Amino acid sequence: MKKQFKGKAIYNPSGKAGEYSYWACNFYNGCSVGCKYCFNKKGMTSKVLGGDKPTLQKGLVDEYTACKIFIQEVSENVEELRKHGLFFSFTTDPLLPETKELTYFAIGVCQANRIPVKILTKMGQKEALEFSAVSSAYRWDNRLIAYGVTLTGCDSEEPNAPSNKSRVIALMDMKFEGYRTFASIEPIIDLDSSLSMVMKSVDFCDLFKVGLLSGKKYDYRELRGFILACAHLDNKLYFKDTFIKQAGLTREELPANCVTRDYNIFNRIATK
């Protein structure tokens, strides 16, 4: 892969974010979902990233300029983006009323360039149906879109989001419509609740990405039990580095259905 690219909209994430995608796009900072566990509300960058209302990143100036910048940054990295796909987003929910229009625009640009996209949201069935309608109207290639939802199983921790049940139904609908699907089982607030979310969505989820709550210590035996409970599944699972470390395991010791961070949910199809 090329050296690290850091544009105003598109960049190569590092650290824990790098486990999700080689490439990501952030148009906005802040989110109205109000998750109590939100990582962006902690630390030195919380005043910028942790707002309760999405605001366009300052470097993008306005939405028109943001579109121009996005097109330029895509053109600079199109070959690498085709290989790895583009993730939306780490600093907001890409399907909020305030953020979705730029997300739709960006997907359209990616479709024109045969670039796969990965959308991660906490929105529910209503928003998934709208997304599917927009996709149909613009004749997007569903094979180049991976639709993902965050599932914690703890609605009380996500006060302004549709229920986890609604998100599971959204995942089911999108799988039926022919999209690649994934679920972010992160953060694990309660191991039983998270495992329940895996089992409830197992029939219509291609990939589970599993991660811990930042700063929390877990019993390594319970983490190993979680892994074993998923070992028989036909789905692919990616356990983040901190999970593996706290479980006291190496990736070589994981079940055969576990994948590494370079797993391609698109199987490199239709990108030429």
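Residues numbered from 1 in each chain as written. Predicted model: local features only at pLDDT ≥ 70, side-chain atom pairs only at ≥ 80, totals over all residues. Heavy atoms only, no water.

**With respect to the pairing of strand β9 (residues 207–212)**
With six of its six residues buried, β9 lies for the most part within the structure. Residue alternation in β9 divides its side chains into two sets, L207, K209 and G211 and F208, V210 and L212, and both sets are buried. Relative to β9, strand β8 (residues 180–188) is paired through five bridges, and the arrangement is parallel. Across the sheet, residue I188 finds its bridge partner in β9, namely L212. Handedness of the β-α-β unit built from β8, helix α6 (residues 191–201) and β9 comes out right-handed. Pairing analysis gives four bridges linking β9 to strand β10 (residues 236–239), with the strands arranged parallel. Each bridged residue has a counterpart across the sheet, and for V210 the counterpart in β10 is F239. (Buried < 20%, exposed > 50% of the residue type's maximum accessible area, 1.4 Å probe, protein only. Helix = DSSP H or I, 4+ residues; strand = E, 2+ residues; numbered from the N terminus. Pairing = 2+ DSSP bridges. Right-handed = clockwise from strand over helix to strand, strands pointing away.)

**Digging into helix α7 (residues 220–230)**
Taken residue by residue, α7 has L223, F226, I227 and C230 as its buried positions. The buried residues of α7 occupy an angular sector of 95° when the element is viewed end-on, so they sit on one face. Set apart from the buried face of α7 by more than 90 degrees, the exposed residues are R221 and L228. Summarising the contacts, the buried residues of α7 are in contact with β8, α6, β9, β10 and α8 (241–247). Backbone nitrogen of R221 and a side-chain oxygen of the N-cap are separated by 2.7 Å at the start of α7; the cap is D219. (Arc of directions from axis to C-beta. Contact = heavy atoms within 4.5 Å. Polar contact = N/O pair within 3.5 Å; in protein donor to acceptor, adjacent residues only side chain to side chain.)

**Regarding the packing of aromatic side chains**
In total, this model carries 14 aromatic pairs according to the counting rule given. Judged by centre distance (4.6 Å) and plane angle (35°), the ring pair of F87 and F90 falls under tilted. A residue is classified by how much of its surface remains accessible, and F87, at 1% relative accessible area, is buried. For F90, a relative accessible area of 21% corresponds to the partly exposed category. In textbook terms, an aromatic cluster arises when at least three aromatic residues are bridged by ring pairs, as seen for Y104, F131, Y138, W140, Y147 and Y179. Sitting over the ring of Y11, K6 keeps its end group 5.7 Å from the ring centre. (Phe/Tyr/Trp six-rings, centres within 6.5 Å; stacked < 30°, edge-to-face > 60°. Lys NZ or Arg CZ within 6 Å of the ring centre and 35° of its normal.)

**Points about the packing of α6 against α7**
Where α6 contacts α7, the two axes come as close as 11 Å, and the packing angle between them is 10°. Classified by the angle their axes make, α6 and α7 are roughly parallel. Residues L191, S194, L195, V198 and M199 of α6 touch α7, and the partners they reach there are E222, L223, F226, A229 and C230. Class assignment of the residues belonging to the contact of α6 with α7 gives a composition of eight nonpolar, one polar and one charged. (Axes fitted to C-alpha atoms, helices over the stretch in contact; angles between N-to-C directions. Parallel < 35°, antiparallel > 145°, perpendicular 65-115°, else oblique. Nonpolar A, V, L, I, M, F, W, Y, C, P; charged D, E, K, R; others polar.)

**Comments concerning the confidence of the model for the protein**
Model confidence for the protein is summarised by a mean pLDDT of 93, while 93% of its residues fall at 70 or above. Low confidence marks residues 268–272, where pLDDT is under 50. Its contacts with residues over four positions away, or in another chain, come to 13 contacts. (pLDDT = per-residue confidence, 0-100.)

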